[in-house]
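# Summary of the model geometry
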Amino acid sequence: MTSIPVLLYGETRNVDVVVKDLWMLDLDRKVRVVLTKVGSKVTAIISTDVTLTPSAIIEIYSARFSIEVAIKDMKQHLGLGDYQHHSLLPTLRFVHLVAVAYSVGKITLLKFSSSSWLDIQDY
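These figures come from a predicted structure and were not determined experimentally.

## Details of the overall build of the chain
Counting its regular elements, the chain contains three helices and four strands. When its helices and strands are written in sequence order, the chain yields β-β-β-β-α-α-α. Counting across all 123 residues of the chain, residues that qualify as buried make up 20%. Long-range contacts, defined here as pairs at least 24 residues apart, represent 22% of the contacts in the chain between residues at least 6 apart. Summed over its atoms, the accessible surface of the chain is roughly 9,600 Å², and 59% of this surface lies on carbon and sulfur atoms.

## A word on helix H3 (residues 88–108)
When the terminal C-alpha atoms of H3 are compared, their 30 Å separation across 21 residues agrees well with the 30 Å that a helix rising 1.5 Å per residue should span. Considering only its buried residues, H3 is in contact with helix H2 (64–78).

## Here we look at the nonpolar core
Counting residues in each nonpolar core, the largest one holds nine residues, listed as Ile4, Val6, Leu8, Val15, Val17, Val34, Ile45, Ile57 and Ile58. Taken together, the elements giving at least two residues each to this core come down to strand E1 (2–8), strand E2 (11–22) and helix H1 (54–62). Considering each element in turn, this core owes the most residues, three residues, to E1. Setting aside residues no more than four positions away along its own chain, isoleucine 57 makes contact with Arg32, Val34, Ile45, Ser47 and Leu52. If you look at the next biggest cluster of nonpolar residues, it comprises five residues, including Ala70, Met74, Leu80 and Tyr102.

## A word on the environment of histidine 85
Mapped onto the elements of the fold, histidine 85 is located in the loop between H2 and H3. Judged by its relative accessible area of 44%, histidine 85 is partly exposed. In contact with histidine 85, other than residues within four places in its own chain, are Pro90 and Thr91. At a separation of 3.2 Å, a polar atom in the side chain of histidine 85 contacts the main-chain amide nitrogen of serine 87.

## So, the pattern of salt bridges
Per the counting criterion, the structure on display carries two salt bridges. The partner of aspartate 21 in a salt bridge is arginine 32, with the nearest N and O atoms 2.7 Å apart. Residue aspartate 21 is found in strand E2, and its partner arginine 32 is found in strand E3 (residues 31–38); the two are separated by 11 residues along the sequence. Here aspartate 21 falls in the partly exposed class, since its relative accessible area comes to 32%.

## Details of the pairing of E3
Across seven bridges, E2 lies against E3 in antiparallel orientation. If you follow lysine 20 over to E3, its bridge partner there is valine 33. Summarising the sheet, E3 and strand E4 (residues 41–47) pair through seven bridges and their orientation is antiparallel. Paired with leucine 35 across the two strands is alanine 44, which belongs to E4. Between E3 and E4, which pair antiparallel one after the other, the connecting turn spans two residues, and glycine 39 there sits at a positive phi close to 65 degrees.

What counts, and at which threshold
- Residues numbered from 1 in each chain as written.
- Predicted model: local features only at pLDDT ≥ 70, side-chain atom pairs only at ≥ 80, totals over all residues.
- Heavy atoms only, no water.
- Helix = DSSP H or I, 4+ residues; strand = E, 2+ residues; numbered from the N terminus.
- Buried < 20%, exposed > 50% of the residue type's maximum accessible area, 1.4 Å probe, protein only.
- Contact = heavy atoms within 4.5 Å.
- Areas by Shrake-Rupley, 256 points an atom, 1.4 Å probe, with all protein chains shown as cover.
- Expected span 1.5 Å × (residues − 1).
- Core = buried A, V, L, I, M, F, W, Y, C linked by side-chain atoms within 4.5 Å.
- Polar contact = N/O pair within 3.5 Å; in protein donor to acceptor, adjacent residues only side chain to side chain.
- Salt bridge = Lys/Arg side-chain N within 4 Å of Asp/Glu carboxyl O.
- Pairing = 2+ DSSP bridges.

What follows is the structure, encoded as structure tokens:
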């Protein structure tokens, strides 16, 4: 195991990892398996992009929870799951519109957030 710095949920932490590129799951290419140990919790993360660094794979995976929360919010409050149409173009336009509305709403609330990645300045 090697210890690497990873940005997790806004703070840099040292995570013990083991990384191996393996043939598995009957795929036509190798996958990168990253085993992480934080405290006593061991997690295996599999990525089909073997060019990503272990820290990038861990950071992307840790963002999964906030993405799922965003999709849930868009379904509950902005009607993402309610729109129905027979062709793809209007559906894609609606999905983009909902994502933009959600993003604008979140940006307006950033001054009340303690996001470490964004320095809020008063203009």
